[in-house]
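Now for the letters of each chain:
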Amino acid sequence: MTTDDTKLYSQQFDNLNRLVGKRIDEIVFYLDDTDKDFSEVQNSYGKSLYTGIDIKVDNVYFSIGCRFTDFHYGLTISEGRTTEFEFIEEEKSPVIFDTKIIGQTIKSVDIYWMKIPWDGAVGYYPQEFVIKTENDFFLLSSIEINNGEVNTEFTNELLVIENEETAKQLQLGPYGFGDNGRKSFKNFEELNEADKKNWL
């Protein structure tokens, strides 16, 4: 693993851990006037978006979007606004996503990883982030909606799900171990050890 890889992987753990114990002030989507119900792709599972989102905690903004690889596939979290990391079309404007998790304190944040699926590629990428408060569940996945169905992982589309039963139905996050290929690591060191085995 290169120095840049180490920095990128470590950043995911470090920034997500910075959210724990913090109060969620607001969540911002980037949408245009024609988007309905806070979603750019209509579906029955959650909000499907082509750009990242902002989460403001204790007056600090973090952006979560599909920017892990150079092709903008796989999730990443960075301190700052999404406009600092992604090109946002002129027709889009920031819209506050008024959801029940606002005002709550984050109790835990978990990353669910998958192996990079390209031929000859070695390593993992973040497929889902799961944020939990005392009462609620907020999942973000780098996954695509086609014809109303969730069917392609490792994409540049972001799916936001607030219903844990939906995540269970789709086998995302903590419900995606085994056949659905999700992995969980406590920290960067544990992920790095698993990654080394992929090279053997």
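Our structure is the block above this text.
What you see is a predicted model; the values in this text were computed from it and never measured. (Residues numbered from 1 in each chain as written. Predicted model: local features only at pLDDT ≥ 70, side-chain atom pairs only at ≥ 80, totals over all residues. Heavy atoms only, no water.)

Asks: Please set out the overall build of the chain residue by residue, giving values where relevant.
Replies: Each helix and strand counted, the chain has three helices and 10 strands in total. Starting at the N terminus and ending at the C terminus, the chain contains elements arranged as α-β-β-β-β-β-β-β-β-β-β-α-α. Against the compact-globule benchmark of 16 Å for 200 residues, the chain has a radius of gyration of 16 Å, which places it among compact chains. Each of the three principal axes of the chain carries a C-alpha extent, and together these read 50 × 40 × 35 Å. Here the analysis covers contacts within the chain between residues at least 6 apart in sequence; of these, 63% occur between residues at least 24 apart. (Helix = DSSP H or I, 4+ residues; strand = E, 2+ residues; numbered from the N terminus. Rg over C-alpha atoms; globule rule 2.2 N^0.38 Å. Contact = heavy atoms within 4.5 Å.)

Asks: With reference to specific residues and values, describe the pattern of salt bridges.
Replies: Tallied over the full model, the rule gives 11 salt bridges. Measuring nitrogen to oxygen at the nearest pair gives 2.5 Å for the salt bridge that ties Arg67 to Glu86. Placement of Arg67 in the loop between strand 4 (60–66) and strand 5 (75–79) and of Glu86 in the loop between strand 5 and strand 6 (93–96) is noted, with a sequence separation of 19 residues between them. We note that Arg67, like Glu86, is buried. (Salt bridge = Lys/Arg side-chain N within 4 Å of Asp/Glu carboxyl O. Buried < 20%, exposed > 50% of the residue type's maximum accessible area, 1.4 Å probe, protein only.)

Asks: Lay out the packing of aromatic side chains in plain terms, naming residues and giving numbers.
Replies: Under the counting rule described, the total for this entry stands at nine aromatic pairs. Their ring planes at 65 degrees and their centres at 5.3 Å tell us that Tyr124 and Phe185 sit as a pair that is edge-to-face. Of this pair, Tyr124 sits in strand 8 (residues 124–133) while Phe185 sits in the loop between helix 2 (164–170) and helix 3 (188–198), and the two are 61 residues apart along the sequence. In this structure Tyr124 comes out as buried when scored by relative accessible area, which is 4%. For Phe185, a relative accessible area of 11% translates into the label buried. Between Arg81 and the ring centre of Tyr61, over which it is positioned, the NZ or CZ distance is 3.9 Å. (Phe/Tyr/Trp six-rings, centres within 6.5 Å; stacked < 30°, edge-to-face > 60°. Lys NZ or Arg CZ within 6 Å of the ring centre and 35° of its normal.)

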